[in-house]
Every structure is written in C-alpha cells, then in structure tokens.
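The residues making up each chain are set out below.
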Amino acid sequence: TWVRDYAYALSWMKRAKGDNGKYEGWPWYTKLDQKLKESGLMLLPILQGTIREGVKIGNLKMTKDDKSEIISIMNAFPHYKCWELDNEYGDKEEESRNWSAYQSYHKTFGDTVKVIDENTLAVANGTAGIYPERTKEFIKAGNFNNIDVINAHFYCGTDAPELNKMNYNVGGNLLAPRSLYDTLREFVAVASCDGKKRQAWITEFGWDTLAGHIVNEYEQAAYLQRGYMLGIQAGIDRMFWYWNMDTKEKPTSFFDGCGILDPKVEPKPAAGA
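For the structure given in this document, a descriptive report is provided here.

Turning to the packing of helix H8 (residues 180–191) against helix H9 (residues 217–234), a few remarks are in order. Two numbers describe how H8 lies on H9: the axes approach to 9 Å, and their chain directions differ by 40°. Taken together, H8 and H9 sit at an angle that is classed as oblique. Here the hand of the crossing between H8 and H9 comes out right-handed. In this structure, H8 contributes Leu 180, Tyr 181, Leu 184, Arg 185 and Val 188 to the contact, and H9 contributes Leu 230, Gly 231, Gln 233 and Ala 234.

Structure representation (structure tokens):
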C-alpha cells in the first residue's frame, strides 16, 4: 500500500536537516520514517514548493543549492524509491513563458535523481487536471528524458467516473469536455511518445460526502471502486485516493469529506470498498 505525503516540502526539509544532516527536526522525518517502516507502507514524498518557491524569488532554473539539497535528502532516505518534484505548480505567468521554468526544473530534477540512483523514480509535478498535449510537448522537447512518471490529478465532482467529462478540482480545467476514460487513455499513450517507457500516475482523485460537490457515502464507495477500475482499464499504473480522513471541523469546502474515514476515525463504506 502506498501513501503520498505533502510533509516533505523542500523548505521544510532544509529547515529540519540539522547539523548532522539527518533531518530530525520538525516535522520529525525520522519518526515519520519509522512509522512507515512499522506499518509496511510505501511512500511517495512530495518535494512541495521546489518550483513554486524557486520561481517566486526569481529563479527560473533550479539553483545549485537546491540540487545539492535534493542530493542530500535522497542520500538520507535511500529506501524511498520515488520522489515527486512539486504539487500543482502552474499559472498564467508560467504559461506565458511556454512553461520554460517548469520544463527546466523537471530536466534538472530528473538528471539529479538519476545521478544518485538510476533505480529511483523521478515523478513529475502532479498537475491540477490532466493535460496530455502539454505533457507531450515537454517530452518531445527532451525535458522529461529522465522523468520516469508523468502525473496528474482529476476529480469528477458528483459524476460517476464512466459519465464524467469535466474536471472539478480546485483550479478547474480549461480543456474541452471529453470523457475521463478517453483522457486517461491519451495520458497513458503520451507517457511513452518518445519511445521511452514511462509510467502514468493519477496521484489525486476522489469524491466528497460533506462539502463542495457532495455525493452520499454509498455513491462514494461505488465510485471509488469504479474509478480505480476505469484507471486500470485505461492503463494507468498507479492511483492515489485523496484523502484519508474527513475534517473534524465544520465542513466548508471540497475535500473536507473526501476521506475514507469519518471525523471519528471510523471507516466509511469507501474504506471497505
């Protein structure tokens, strides 16, 4: 069983590194690591903010310091066999640059990961929506040469997965409507459009039972199974449900009720599904 964790933000890891380079500071990565080992879970850590924070301060290419930090992190946790560059980076400004910073960071990230361990998977930034055409351009340009996994997020709102034609996650999707199944199949095809075998992952999908786009708990359970089946049928290699637990606060927005556990940490029907 895999989990995807946002706690491995690059800035947080830099702060937690300490003089001994063991990353024992908050949020206590060595303790998180021990819990993973005890539970038998596999981890996809997200180096969240790597592109976003770099671009924010004017670095349109990854700095030498950030490359060194990624090398240090990978050496500290050699048993993690995949690393994700960032989470849902992308905006109109980046689009106006023809995604030049995005592509540059991915090129450097993939190359850096392979220098440390050829068998570790370099996972692309998870995008808010599935963009096969754009991803194909990045691959054809050679900037994903050492990226092993293309990666996207998708939410069906209240639709059943087989009937869905629009993405409803925060940020939306400006693509023309088309069936989710066709989009997934195209995403899989694009992954290896340059002849290199890459995986295609969906690292966020799910349905909400409390806020935003609301389905009932039995629909959530049924759509969970059918969503995974649709992905498997389309050739998607790995899918991550978003996320584990409903909010304990008053639900106000989408994702607050996407959990497979309720606010009392009791299983919803989706947990069994």
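What follows is about the pairing of strand E7 (residues 199–205). Among the seven residues in E7, six count as buried, and that is most of the element. In this sheet, E7 lies alongside strand E6 (residues 149–153) in parallel orientation, the contact comprising five bridges. Bridge pairing in E7 links His 153 to Glu 204. Where E7 meets strand E8 (residues 238–241), three bridges bridge the pair, whose relative direction is parallel. Directly across from Phe 205, in E8, lies its bridge partner Trp 241. Tracing the backbone out of E7, into H9 and back to the parallel element E8 gives a crossover that is right-handed.

Once that is clear, we can look at the pattern of salt bridges. In the structure shown here, the tally under the stated rule is 18 salt bridges. For the salt bridge of Glu 162 with Arg 226, the shortest nitrogen-to-oxygen distance reads 2.9 Å. Here Glu 162 is found in the loop between E6 and H8, whereas its partner Arg 226 is found in helix H9, with 64 residues between them in sequence. The exposure class assigned to Arg 226 is partly exposed, which follows from its relative accessible area of 34%.

Criteria and thresholds
- Residues numbered from 1 in each chain as written.
- Predicted model: local features only at pLDDT ≥ 70, side-chain atom pairs only at ≥ 80, totals over all residues.
- Heavy atoms only, no water.
- Axes fitted to C-alpha atoms, helices over the stretch in contact; angles between N-to-C directions.
- Helix = DSSP H or I, 4+ residues; strand = E, 2+ residues; numbered from the N terminus.
- Parallel < 35°, antiparallel > 145°, perpendicular 65-115°, else oblique.
- Left-handed = near helix turned anticlockwise from the far one by under 90°.
- Contact = heavy atoms within 4.5 Å.
- Buried < 20%, exposed > 50% of the residue type's maximum accessible area, 1.4 Å probe, protein only.
- Pairing = 2+ DSSP bridges.
- Right-handed = clockwise from strand over helix to strand, strands pointing away.
- Salt bridge = Lys/Arg side-chain N within 4 Å of Asp/Glu carboxyl O.

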